Amino acid sequence: MRKKKVSSKKPTRKTFKETVELTKDIATCYQPGLTALGAHSKRISVPQTEELCGSVDIDSCTARTYPQSNRWDYIICYKNEVYFVEIHSANSGEVRTMSNKLRWLKDWLNTSAPEIKKLQAKNTNPFVWIQSKGFDIPKTSPQYRTAKGLDILPVRRLDLN
């Protein structure tokens, strides 16, 4: 009986763009850099723009497939790690909406985008709520505790260093 040769080559890891193109719901939605964020790209700070691997407007791309859902806004890739960014009002009345959006995103990643999920940032929370205007969630409120418990307290901007 002959022994099977085992390849010593590591499987090549797909790029962010290739992974997006293989994800049915967003296959045609890849954008270079932070282009998918449009004017919201000013809310993201990166020290090395050449390390940006692209972005996707998940909300627009999945609107037809999930018309009644609270969809998350964006995926961005920096240094081969993926972050999920939501630009949204930061007031007490919106915490439930953000909770629903986060649940939708995690479900979507598990069922429709498992390869994207594999790319998510490991050493920091990949789910980021960027406040669109001011911050109005009192620290003593149940909504603040909910957002904190979900690890999505709003920030003014995302600084990826």
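Everything below is about the structure printed above this text.
Residues numbered from 1 in each chain as written. Predicted model: local features only at pLDDT ≥ 70, side-chain atom pairs only at ≥ 80, totals over all residues. Heavy atoms only, no water.

J.: Is there a simple way to explain the side chain of His88 in this structure?
T.: Of note, His88 is situated in strand β4 (residues 81-91). With a relative accessible area of 15%, His88 lands in the buried category. Not counting chain neighbours up to four residues away, the residues in contact with His88 comprise Glu94, Thr97, Met98, Lys101, Trp129, Ile130, Gln131 and Ser132. (Helix = DSSP H or I, 4+ residues; strand = E, 2+ residues; numbered from the N terminus. Buried < 20%, exposed > 50% of the residue type's maximum accessible area, 1.4 Å probe, protein only. Contact = heavy atoms within 4.5 Å.)

J.: Would you explain the sheet that holds strand β5 (residues 127-136) in this entry?
T.: Two pairing modes exist for strands in a sheet, parallel and antiparallel, and in both the strands are linked by backbone hydrogen bonds. A sheet is described by the order of its strands in space; here four strands give the open sequence β2-β3-β4-β5, paired in mixed fashion. This sheet does not close on itself; its edge strands, each paired only once, are β2 (52-57) and β5. This sheet shows a mean twist of 25 degrees between the axes of neighbouring strands, independent of strand direction. On top of the sheet, helix α3 (residues 95-111) reaches β3 (74-78), β4 and β5; it is set at about 160 degrees to β4, its chief contact. (Pairing = 2+ DSSP bridges. Axes fitted to C-alpha atoms, helices over the stretch in contact; angles between N-to-C directions.)

J.: Just checking my understanding: could you explain the packing of aromatic side chains for this structure?
T.: How two aromatic rings sit relative to each other is given by the distance of their centres and the angle of their planes. The tally for this structure, following the rule as stated, stands at four aromatic pairs. When the centroid spacing of 5.3 Å and the interplanar angle of 20 degrees are considered together, the rings of Phe84 and Phe127 count as stacked. Of the two residues, Phe84 is situated in strand β4 and Phe127 in strand β5; the sequence distance between them amounts to 43 residues. Classification of Phe127 as buried rests on a relative accessible area of 11%. The interplanar angle of 10 degrees and the centroid separation of 5.8 Å between the aromatic rings of Trp104 and Trp108 together place this pair among those described as stacked. Here Trp104 and its partner Trp108 are both found in helix α3, four residues apart, which amounts to about one turn of the helix. Assigned by exposure class, Trp104 and Trp108 land together as buried. Every member of this aromatic cluster is reached through a ring pair, and the members are Tyr66, Trp104 and Trp108. (Phe/Tyr/Trp six-rings, centres within 6.5 Å; stacked < 30°, edge-to-face > 60°.)

J.: When you look at the pattern of salt bridges in this model, what are you seeing that I'm missing?
T.: Pairing of side chains with opposite charge becomes possible as their charged atoms draw close. A complete count under the given rule lists five salt bridges for this structure. Here Lys17 makes a salt bridge to Glu21, at a shortest N to O gap of 3.9 Å. Of this pair, Lys17 and Glu21 both sit in helix α1 (residues 16-21), separated by four residues, roughly a single helical turn. By relative accessible area, which is 38% here, Lys17 ends up partly exposed. Residue Arg157 is joined to Asp159 by a salt bridge in which the shortest nitrogen-to-oxygen separation is 3.3 Å. On the accessibility criterion, Asp159 (44% relative accessible area) is partly exposed. (Salt bridge = Lys/Arg side-chain N within 4 Å of Asp/Glu carboxyl O.)

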